[in-house]
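If you want the building blocks of each chain, they are given just below.
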Amino acid sequence: MSSDYNGKRTSKSSGVLHSFRYALQGIIHAFLKERNMKIHVVISILVMIVGMAVKLTPMEWLFIVFTIGGVITLELLNTAIERLVDLVTPDFHPLAKQAKDVSAGAVLIFSIVAVIIGLIIFIPKIF
Ligand SMILES: Nc1ncnc2c1ncn2[C@@H]1O[C@H](COP(=O)(O)OP(=O)(O)OP(=O)(O)O)[C@@H](O)[C@H]1O
């Protein structure tokens, strides 16, 4: 697309650069404002440090990287849904509750999967 609202985009390349910058702003926002995102990032860094210490195989790294990426991606989507819900209604609404709870549920499910994958990979390495 070569134009955006108010004609702010002028070319395809600047559009791509802007998209990248906006995406980065979104990631930074989520990291700064969302406690859970900070927890995910800290745990991810610790897992990678331990992974290097116990010398994971390339296949094990594949699972770890995919899992970390999945958790952080879902947390970003959860944050986006929370913001959208707050934008749509600042009042209590059963549908707002469902949207936020289902979204948080998605993060919880993948986090449980991440813990199980971590245990399968790290327990034999450590013991
Ligand atoms: N507008 C609303 N209407 C009804 N229930 C809501 C509404 N906003 C939030 N809730 C309920 O309160 C819970 C907490 O909402 P909140 O917006 O504080 O997100 P959160 O779960 O604290 O997210 P996080 O801690 O990851 O930022 C939601 O999961 C939902 O059950």
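Residues numbered from 1 in each chain as written. Predicted model: local features only at pLDDT ≥ 70, side-chain atom pairs only at ≥ 80, totals over all residues.

Taking an unreviewed UniProt entry as the reference, the protein is identified by name as Undecaprenol kinase belonging to Anoxybacillus andreesenii. The UniProt entry for the protein carries the following text under Subcellular location (unreviewed entry): "Cell membrane". Taken directly from UniProt, the Sequence similarities (unreviewed entry) text for the protein runs: "Belongs to the bacterial diacylglycerol kinase family." (UniProt positions renumbered as here; feature names shortened; annotations may be inferred.)

Draft legend 1. A look at the overall build of the protein. A count of helices and strands for the protein gives 4 helices and 0 strands. Helices (α) and strands (β) of the protein occur, in sequence order from the N terminus, as α-α-α-α. Put simply, of all contacts in the protein between residues at least 6 apart along the chain, 60% involve residues at least 24 apart. (Helix = DSSP H or I, 4+ residues; strand = E, 2+ residues; numbered from the N terminus. Contact = placed C-beta atoms within 7 Å.)

Draft legend 2. Quick look at the site of the ligand. Within the structure, the ligand sits among Glu34, Arg35, Asn36, Glu82, Thr89, Phe92, His93, Ala96, Lys97, Lys100, Asp101 and Ala104. Taken together, the elements giving at least two residues each to the shell around the ligand come down to α2 (35–53) and α4 (94–126). Considered class by class, the residues forming the shell around the ligand number 3 nonpolar, 3 polar and 6 charged. (Near = placed C-beta within 6 Å. Nonpolar A, V, L, I, M, F, W, Y, C, P; charged D, E, K, R; others polar.)

Draft legend 3. Quick peek at the confidence of the model for the protein. Chain-level pLDDT for the protein is 91 on average; 90% of the residues reach the 70-or-more range. By mean pLDDT, helix α1 (residues 12–33) is the weakest element of the protein at 90, and helix α3 (residues 58–88) is the strongest at 98. Across residues 1–5, where pLDDT falls below 50, the model places 6 contacts with residues more than four positions away in sequence or in other chains. For this predicted complex, the interface confidence comes out at an ipTM of 0.90, alongside a pTM of 0.87. (pLDDT = per-residue confidence, 0-100.)

Draft legend 4. Representation of the UniProt feature "transmembrane region" (unreviewed entry) in the protein in the model. UniProt feature "transmembrane region" (unreviewed entry): in the numbering of this structure it lies at residues 39–56, 62–81 and 102–123. With 83% helix and 0% strand, the stretch residues 39–56 has end C-alpha atoms that lie 23 Å from each other. Helix makes up 100% of residues 102–123 and strand 0%, whereas the separation of the span's terminal C-alpha atoms amounts to 31 Å.

Draft legend 5. Main features of unusual backbone geometry. With a phi close to 55°, Lys55 is a non-glycine residue in the positive phi region. Assignment of secondary structure puts Lys55 in the loop between α2 and α3. For Lys55, a count of 8 C-beta atoms within 10 Å translates into the label exposed. (Buried ≥ 20, exposed ≤ 12 C-beta atoms within 10 Å, placed from the backbone.)

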